[in-house]
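Residue-level structure breakdown
These are the residues of each chain, in order.
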Amino acid sequence: MRKTAAGPLAGAILAGWLAAPASAQVSDLAVFVPAAAEVPGWAVKGEAQRFAGDDLYIYIDGGAEIYNEYGFRRVLAQDFENKDGRGVTLEIYEMTDPAAAFGIYSFQTSGKGRPAGIGTDGEIEEYYLRFWKGPYLVAVTGFDSSGQAKGDLLEGVIAVAKAAGARMKTAGGRPDFCAALPQEWTGPGFKYLRGVLGLNNVYPLFPTDVLKFREAAAVPVEHGWLFVFGYGEPAEAGIRLSELREAMSGSGTYQNVRQTPGVAFEAADSKGNQLFAAAVGNKIGLIVSPRAAEIAKGLLARIR
Amino acid sequence: MAKKFGRREFIKSGAAIGASVMVGGKLFGKLPAPTISTPAAGPASVFVVSGTDWAAMTAKAVELAGGIKAFVPKGSKVALMPNVQSKNPGTFTKPDILRTVIRLCKEAGATNIACLSYLGQPNWDGAGLAQVIQEEGAALRLIPREDEHWKPVPIPGAAALTEARLMKALDDYDLWINMPITKDHAGNKFTGTMKNLMGLNQPAVNRAQFHKPNWKTDPADIAHLEKCIVDLNFATRPALNIVDATEIIKTNGPMGPGELIKPGKIISGVDRVAIDAYCATILGLKGEDVVAIKHAYDRKLGEIDLGKAGVREVTV
């Protein structure tokens, strides 16, 4: 049965939205669900699904851990339908803070999408639009039998995303760690990491947390990645670098592990990549690329 | 020419070696003695069919693996385990594949065919699989998450998961067919035949044991999760694996939305390790890159070397 957001429920939602101070945690994520008037031709279909805390596991069976690594609070999923019975789904994830929202956004975004001009960093990909804003990650999907969003579906995806984004009166920028990196490093494909799950999805360094980093960045470079791992003090970065070298030496996965001048070492993996790692202040820079040794000096010099 | 599934193949396919036959109890005891056909083109344990007609590809994949009658004896009761993660493209087993397998099982003389799942009706509706099940006259059994619907199955020699808790409903069937979709997974970069078995295990155990208490990310979680997956594969084994690699997500798995790729393949066989090693290559990985595949090979669950396993590829 089709439902619209009009009526008492919509009134309550609107009242809650208007009462919510900017950037404060809202009582119900439904305040961000667009009303029918905001998305002409589309109406809410069915009840919203809500999951909080550990129950994310029920919603994303087997895939909730990465959200938890970044810091997850709750999610709301709401379907919409147009007169032809075609569907669009809105998902709003409330993360623990804007850095967590940006992190999971960067983790999920390929960098191949086209700018949508919605929310922060909004991008449209084949059949979905994703953006983040304050502590919220928003994904809107709509697809036909070919797995694409075209015509009215694409219009619906954009309309729902735009209306939801407009309802979010919240602020919050990228984490300071990212702001300290050269701006051109943080463009398409850039990823902000908060743990070993995220790291291993970019490059499977070790299945365990050898580096014990608090936060990190993954920057696409020529045929590979530059990783920047952050620590509290320079001494800790030095210790972690030594531990990384020792782990690589004893792993059997990496070859030719050897110390290089300065606080650095190099190695090779089984995929033809060179690895070059160095401590730079309270950070570790790690380049993984067939040309790591060649490009390392220029990249590491830019880590502040 | 068909031959009995002998001891050598039994071990090669990693069929849990004696201990699991005992601990598998009733379920394992009820498994028929499967037979496989010797492929005309020489030994192979991974069968890959490429094309655009998913139903025809599925039928061919089963035929190459030995034919449905080699796995589904007349009069048998068959459980099917497709993946119904979400309705996003590339995250669930295609309806055409499920439809074909149901029809094949019927042709083989199966008397009872059901999909088992602890996921809810919306998952099955959203993926379009509930409609197929209804249209084909099969059953959908949604298993409640409460303890009474699950049975403990000890796993001697386990590396991490010493006891599985499998669906009691599985005992109602003579065999089960594993029907995952291979795709990206944020936890371990890959999901295929072996990980799909988590769909037979009580979700509370998956959550508390595979992902550690309170499922908070633990530094050792990835390795631990992978070991648990392999352990679970010693608790029960599918009669046959049919893997959807037609359209799959290569990022943001397992739920998506993510980048969709279209390899246009369906893979079949008995050896879960070999099949997963092949499917890993579709995602740009090697079997050795995936901890669970490597670990399963080390524990002799199956063959990781595709040259040794033998891969037969055809196009329909």
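Residues numbered from 1 in each chain as written. Chains lettered and ligands numbered in written order. Predicted model: local features only at pLDDT ≥ 70, side-chain atom pairs only at ≥ 80, totals over all residues. Heavy atoms only, no water.

Describing the overall build of chain B
The helix and strand inventory of chain B stands at 13 helices and 14 strands. Residues counted as buried form 63% of the 316 residues belonging to chain B. Long-range pairs, those at least 24 residues apart, make up 74% of the contacts in chain B between residues at least 6 apart in sequence. For chain B, the exposed surface amounts to about 10,900 Å²; the carbon and sulfur share of it is 53%. (Helix = DSSP H or I, 4+ residues; strand = E, 2+ residues; numbered from the N terminus. Buried < 20%, exposed > 50% of the residue type's maximum accessible area, 1.4 Å probe, protein only. Contact = heavy atoms within 4.5 Å. Areas by Shrake-Rupley, 256 points an atom, 1.4 Å probe, with all protein chains shown as cover.)

A few points about the overall build of chain A
In terms of helices and strands, chain A carries nine helices and 14 strands. Considering only C-alpha atoms, chain A reaches an extent of 70 × 40 × 35 Å along its principal axes. The proportion of buried residues among the 304 residues of chain A is 55%. When contacts within chain A are restricted to residue pairs at least 6 apart in sequence, long-range pairs at least 24 apart make up 57% of them. Of the roughly 12,200 Å² that chain A leaves accessible, carbon and sulfur atoms contribute 55%. In chain A, which carries 30 positive and 33 negative side-chain charges, the distance between the mean positions of the two groups comes to 4 Å. (Lys, Arg positive; Asp, Glu negative; His and termini not counted. Charge placed at Lys NZ, Arg CZ, Asp CG, Glu CD.)

A closer look at the nonpolar core
Core analysis: the largest hydrophobic core is formed by 99 residues, its most contacted members being B:Val72, B:Leu80, B:Cys105, B:Ile177 and B:Ile267. Grouped together as the second largest cluster of nonpolar side chains are 74 residues, A:Ala64, A:Tyr105, A:Tyr254 and A:Ala277 included. (Core = buried A, V, L, I, M, F, W, Y, C linked by side-chain atoms within 4.5 Å.)

Side note on the sheet that holds strand 5 (residues 120-124) of chain A
Residue and element names in this part refer to chain A. Taken in spatial order, the seven strands line up as 1-2-3-7-6-5-4 in an open sheet, and their pairing is antiparallel. With partners counted over all chains shown, the strands left at the sheet margins are strand 1 (42-52) and strand 4 (114-115), one partner each. With nine bridges connecting them, strand 2 (residues 72-82) and strand 3 (residues 87-95) associate as antiparallel partners. Its bridge partner lying in strand 3, Asp79 is registered against Thr89. Across the face of the sheet, helix 4 (residues 98-108) comes into contact with strand 3, strand 5, strand 6 (128-133) and strand 7 (136-141) while running at roughly 155 degrees to strand 6. (Pairing = 2+ DSSP bridges. Axes fitted to C-alpha atoms, helices over the stretch in contact; angles between N-to-C directions.)

Section: the sheet that holds strand 13 (residues 265-269) of chain B
Residue and element names in this part refer to chain B. Pairing within the open sheet is mixed, and its eight strands lie in the order 6-5-4-9-10-13-3-14. Only two strands of the sheet have a single partner each, and these edge strands are strand 6 (139-142) and strand 14 (311-315). With strand direction ignored, the average angle separating the axes of adjacent strands in the sheet is 25 degrees. As judged from the four bridges shared by strand 3 (residues 46-50) and strand 13, these two strands associate in the antiparallel manner. The residue bridging Val48 from the neighbouring strand is Ile267, located in strand 13. Strands strand 3, strand 10 (240-245), strand 13 and strand 14 of the sheet are contacted by helix 4 (residues 54-65), whose axis makes an angle of about 25 degrees with strand 13. Across the sheet, helix 11 (residues 272-282) is in contact with strand 3, strand 10, strand 13 and strand 14; its angle to strand 13 comes to roughly 165 degrees.

Here's the deal with the interface of chain B and chain A
Between chain B and chain A, the contact holds 38 residues from the first and 40 residues from the second. Roughly 3,500 Å² is buried in total at the junction of chain B and chain A, and carbon and sulfur atoms are behind 52% of that figure. Counting across the chain B and chain A interface gives three salt bridges. When the shortest N-O distance is used, the salt bridge between A:Lys271 and B:Asp289 registers 2.5 Å. Summed over the shared surface of chain B and chain A, the result is 11 residue pairs in polar contact (both at pLDDT 80 or more). Contributions of two or more residues to the side of chain B that touches chain A are made by helix 9 (203-210) and helix 10 (221-232) of chain B. Take the side of chain B that touches chain A: its biggest share by element is three residues, from helix 9 of chain B. Residue classes in the side of chain B that touches chain A are distributed as 17 nonpolar, 10 polar and 11 charged. (Buried area = accessible area lost by both parts, 1.4 Å probe. Salt bridge = Lys/Arg side-chain N within 4 Å of Asp/Glu carboxyl O. Polar contact = N/O pair within 3.5 Å; in protein donor to acceptor, adjacent residues only side chain to side chain. Nonpolar A, V, L, I, M, F, W, Y, C, P; charged D, E, K, R; others polar.)

Some details on the packing of aromatic side chains
All chains considered together, the criterion is met by 17 aromatic pairs over all chains. Aromatic side chains A:Phe102 and A:Trp132 sit 5.4 Å apart centroid to centroid with 55 degrees between the ring planes, which places their arrangement in the tilted category. With A:Phe102 in helix 4 and A:Trp132 in strand 6, this residue pair connects regions lying 30 residues apart in the sequence. For A:Trp132, a relative accessible area of 1% corresponds to the buried category. Within the aromatic cluster, the residues linked to one another by ring pairs are A:Tyr203, A:Phe213, A:Trp225, A:Phe227 and A:Phe229. Over the face of the ring belonging to B:Trp54 we find B:Lys94, whose NZ or CZ atom lies 5.7 Å from the ring centre. (Phe/Tyr/Trp six-rings, centres within 6.5 Å; stacked < 30°, edge-to-face > 60°. Lys NZ or Arg CZ within 6 Å of the ring centre and 35° of its normal.)

What to know about helix 12 (residues 291-298) of chain B
Residues and elements named next belong to chain B. Taken together, the buried positions of helix 12 are occupied by Ala292, Ile293, His295 and Ala296. Across the axial projection of helix 12, the buried residues extend over an arc of 165 degrees, all falling on one side. Backbone geometry just downstream of helix 12 places Lys300 in the positive-phi region, at approximately 65 degrees. (Arc of directions from axis to C-beta.)

Some thoughts on the confidence of the model for chain B
All names here are of chain B. For chain B, per-residue confidence averages 86 on the pLDDT scale, and residues scoring 70 or more make up 83% of the total. Predicted confidence for residues 1-41 stays below pLDDT 50, and this span has 88 contacts to residues more than four positions away or in other chains. Note on the complex model: pTM 0.85, ipTM 0.82. (pLDDT = per-residue confidence, 0-100.)

Some points on the packing of helix 4 of chain B against helix 5 (residues 95-107) of chain B
All names here are of chain B. Contact geometry of helix 4 with helix 5 gives a least axis separation of 8 Å together with a crossing angle of 45 degrees. Between helix 4 and helix 5, the angle falls in the class oblique. In the packing of helix 4 onto helix 5, the handedness of the crossing is right-handed. Here Trp54, Ala55, Thr58, Ala59 and Val62 of helix 4 come into contact with helix 5, specifically with Asp96, Ile97, Thr100, Val101 and Leu104. Here the residues of the contact of helix 4 with helix 5 sort into seven nonpolar, two polar and one charged. (Parallel < 35°, antiparallel > 145°, perpendicular 65-115°, else oblique. Left-handed = near helix turned anticlockwise from the far one by under 90°.)

A closer look at the pattern of salt bridges
Summed over the entire model, instances satisfying the criterion amount to 31 salt bridges over all chains. Of the charged contacts, one joins B:Glu63 and B:Lys60 as a salt bridge, the two residues approaching to 3.2 Å between their closest N and O atoms. Note that B:Glu63 and B:Lys60 are positioned in helix 4 at a spacing of three residues, about one turn of the helix. With a relative accessible area of 25%, B:Lys60 lands in the partly exposed category. Here the salt bridges do not stand alone but share partners, grouping A:Arg214, A:Glu236, A:Arg240 and A:Glu243 into one network.

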